[in-house]
Amino acid sequence: MPNPSLADDRAALFLPERFPLRWASAWGEDEYGLWMTLELAEAQQRFRWIAPGRFRMGSPEDEPERNDNEMQHEVTLSEGYWLADTACTQALWQAVTGKNPSRFKDQPGQPVEQVSWDDVQGFLVELNRRLPGLEARLPSEAEWEYACRAGTTTPFSFGENITPEQVNYNGNHPYAGGAKGVYCQQTVPVGSLPANPWGLYEMHGNVWEWCADWYGDYPTTPQVDPCGAASGDARVLRGGSWLNFGWFVRSACRYRYEPGWRPGDFGFRLALGPGKPAEPAWQAGRKSPAEPA
């Protein structure tokens, strides 16, 4: 007969240590799992609990249009973390910084863009100053891909292919022989396209999302809580954007750029929880259907 206390102990491994946290203005549980909402001025950001687990990072060699920097390897994330369910909006960026650097300003709910990795570090410092205990940071590359895949092993969390009704990308250049579709030629408001199986929006397309890691080659052996190269000259971006061809927005696609650059399709997504915020270059010189850890 199962031991109830043992079952309770195992379940606790996949839940946050504290819930809700003191900064949360609202919280609850839905079909995707636990969530909390941050509120600052007129801006809001919902975070979802991502339970620890194990997955295959990178792409298999037979995945169409893959890159050779996507060597597949096993990754275990030993601790759960909170991840924003959308990219950071212009409204939230402006609430923290008083400015809006974005090119596309039709709605405050569009993702902030034209922000560098270094800009984001300054934003994080100020956000954490205003909300003690928040401990906001960028996700690691492994955390990002784990959440993007949401337990899937296909090129996209939606399956083997995508349409512009699911992902904001350049519909003139579909993936792997797919049908052509609409090309919006700009960002769309966050949360306006379908969520992935873990309740996260626009993990594919819309804006590239900065990760904490320095870019480097993948290891070939299993990894636990990887945090990228020890040093480098470029930071990692994931997810693809509104102007990219279909293959760029795959779950496994990796991109890199110098941390001081601000192209018109670079944004980011907040993470909270275990993990040390990356040191800026200018200072340095809900349930999870994935296999449990």
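Anything mentioned here points back to the structure above.
Note that this is a predicted model, so its numbers are computed, not measured. (Residues numbered from 1 in each chain as written. Predicted model: local features only at pLDDT ≥ 70, side-chain atom pairs only at ≥ 80, totals over all residues. Heavy atoms only, no water.)

## So, the overall build of the chain
Move 1: When you go through the chain residue by residue, the secondary structure sums to five helices and 13 strands.
Move 2: Split into buried and exposed, the 293 residues of the chain put 53% on the buried side.
Move 3: When the accessible surface of the chain is totalled, it reaches about 13,300 Å², and 50% of it is carbon and sulfur. (Helix = DSSP H or I, 4+ residues; strand = E, 2+ residues; numbered from the N terminus. Buried < 20%, exposed > 50% of the residue type's maximum accessible area, 1.4 Å probe, protein only. Areas by Shrake-Rupley, 256 points an atom, 1.4 Å probe, with all protein chains shown as cover.)

## So, the pattern of salt bridges
Move 1: Evaluated as defined, the whole model comprises 13 salt bridges.
Move 2: A salt bridge links R54 to E74, with the nearest nitrogen and oxygen atoms 3.9 Å apart. Of this pair, R54 sits in strand β4 (residues 53-57) while E74 is found in strand β5 (residues 73-77), placing the two residues 20 residues apart along the sequence.
Move 3: In this structure, the salt-bridge partner of R129 is E126, at a minimum N-O distance of 2.7 Å. Residue R129 and its partner E126 are both found in helix α3 (residues 117-130); the two are separated by three residues, about one turn of the helix.
Move 4: Accessibility expressed as a relative area gives 22% for E126, which makes it partly exposed. (Salt bridge = Lys/Arg side-chain N within 4 Å of Asp/Glu carboxyl O.)

## A few points about the packing of helix α2 (residues 90-97) against α3
When two helices pack together, you describe them by how their axes are tilted relative to each other and by the distance separating the axes.
Move 1: Running from N to C, α2 and α3 point in directions that differ by 70 degrees, and their axes come no closer than 9 Å. Of the possible angle classes, the one that applies to α2 and α3 is roughly perpendicular. Along this stretch, α2 crosses α3, giving a crossing that reads as left-handed. Residues L92, W93, A95, V96 and T97 of α2 form the contact with α3, whose participating residues are D119, V120, F123, E126, L127 and R130. (Axes fitted to C-alpha atoms, helices over the stretch in contact; angles between N-to-C directions. Parallel < 35°, antiparallel > 145°, perpendicular 65-115°, else oblique. Left-handed = near helix turned anticlockwise from the far one by under 90°. Contact = heavy atoms within 4.5 Å.)

## Examining the environment of E63
Move 1: Looking at the element boundaries, E63 is found in the loop between β4 and β5.
Move 2: Since its relative accessible area comes to 6%, E63 is described here as buried.
Move 3: Contacts of E63, omitting those with residues within four sequence positions, involve P155, Y175, R250 and A252.
Move 4: Side-chain polar atoms of E63 contact the side chain of R250, separated by 2.7 Å. (Polar contact = N/O pair within 3.5 Å; in protein donor to acceptor, adjacent residues only side chain to side chain.)

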